[in-house]
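Chains, contacts and geometry: an overview
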Amino acid sequence: MPSNTSNTNKQSTSTSNSSTKASSNSSSGEKSQNQMIKDAGFSNMNSFMQSYNLKMHDDDDLQEAKAILDGLRKIDEAGRKYQATDSESF
């Protein structure tokens, strides 16, 4: 029984941390993971991962997918900064 309570607490903490990250991302103008997936042309994380031959049930694959999304996010941010700089020159 105690291990179930511990798991529940971990899940609650994880959920609240995810909520905090999502709200801080939106306030800083950074796109959410889900929005990055949609912008890349995929309907969900599973289809995104399948396109890279990654499996949802494999933790290493999931981390790899998140690393790919982080790379895409950096490219997206650089593009938005360039557009903002370019539009200021007009």
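Every value quoted in this text rests on a predicted model; they were computed, and no experiment measured them.

Our focus in this paragraph is the overall build of the protein. Regarding its fold elements, the protein presents four helices and zero strands. What you see in the protein, going N to C, is helices and strands ordered as α-α-α-α. The buried share among the 90 residues of the protein stands at 13%. In the protein, the share of contacts with a sequence separation of at least 24, taken over all contacts with a separation of at least 6, comes to 39%. With an accessible surface of roughly 6,800 Å², the protein has 50% of that area assigned to carbon and sulfur atoms.

Right, let's talk about the confidence of the model for the protein for a bit. Mean pLDDT for the protein: 76, with 62% of residues reaching 70 or above. Mean pLDDT values over the elements of the protein span from 46, in helix H1 (residues 2–28), up to 97, in helix H3 (residues 45–51). Confidence drops under pLDDT 50 across residues 6–26; counting only partners more than four residues distant or on other chains, this segment forms one contact.

All right, on to the nonpolar core then. Among the nonpolar cores identified, the biggest contains nine residues, and these are Met36, Ile37, Met45, Phe48, Met49, Leu54, Ala65, Ile68 and Leu69. Contributing elements (two or more residues each) for this core: helix H2 (33–39), H3 and helix H4 (59–88). If we ignore the near neighbours within four places in the chain, the residues touching Ala65 are Met45, Phe48, Met49 and Leu54.

Here we take up the pattern of salt bridges. A full pass over the atoms with the stated rule returns four salt bridges. Note that Asp39 and Lys31 form a salt bridge whose closest N and O atoms lie 2.5 Å from each other. Asp76 serves as the salt-bridge partner of Lys31, at 3.5 Å between the closest nitrogen and oxygen. Remark: Asp76 occurs in helix H4 and Lys31 occurs in the loop between H1 and H2; sequence separation between them is 45 residues. Residue Lys31 is classed as partly exposed on the basis of its relative accessible area of 24%.

So, how was this worked out
- Residues numbered from 1 in each chain as written.
- Predicted model: local features only at pLDDT ≥ 70, side-chain atom pairs only at ≥ 80, totals over all residues.
- Heavy atoms only, no water.
- Helix = DSSP H or I, 4+ residues; strand = E, 2+ residues; numbered from the N terminus.
- Buried < 20%, exposed > 50% of the residue type's maximum accessible area, 1.4 Å probe, protein only.
- Contact = heavy atoms within 4.5 Å.
- Areas by Shrake-Rupley, 256 points an atom, 1.4 Å probe, with all protein chains shown as cover.
- pLDDT = per-residue confidence, 0-100.
- Core = buried A, V, L, I, M, F, W, Y, C linked by side-chain atoms within 4.5 Å.
- Salt bridge = Lys/Arg side-chain N within 4 Å of Asp/Glu carboxyl O.

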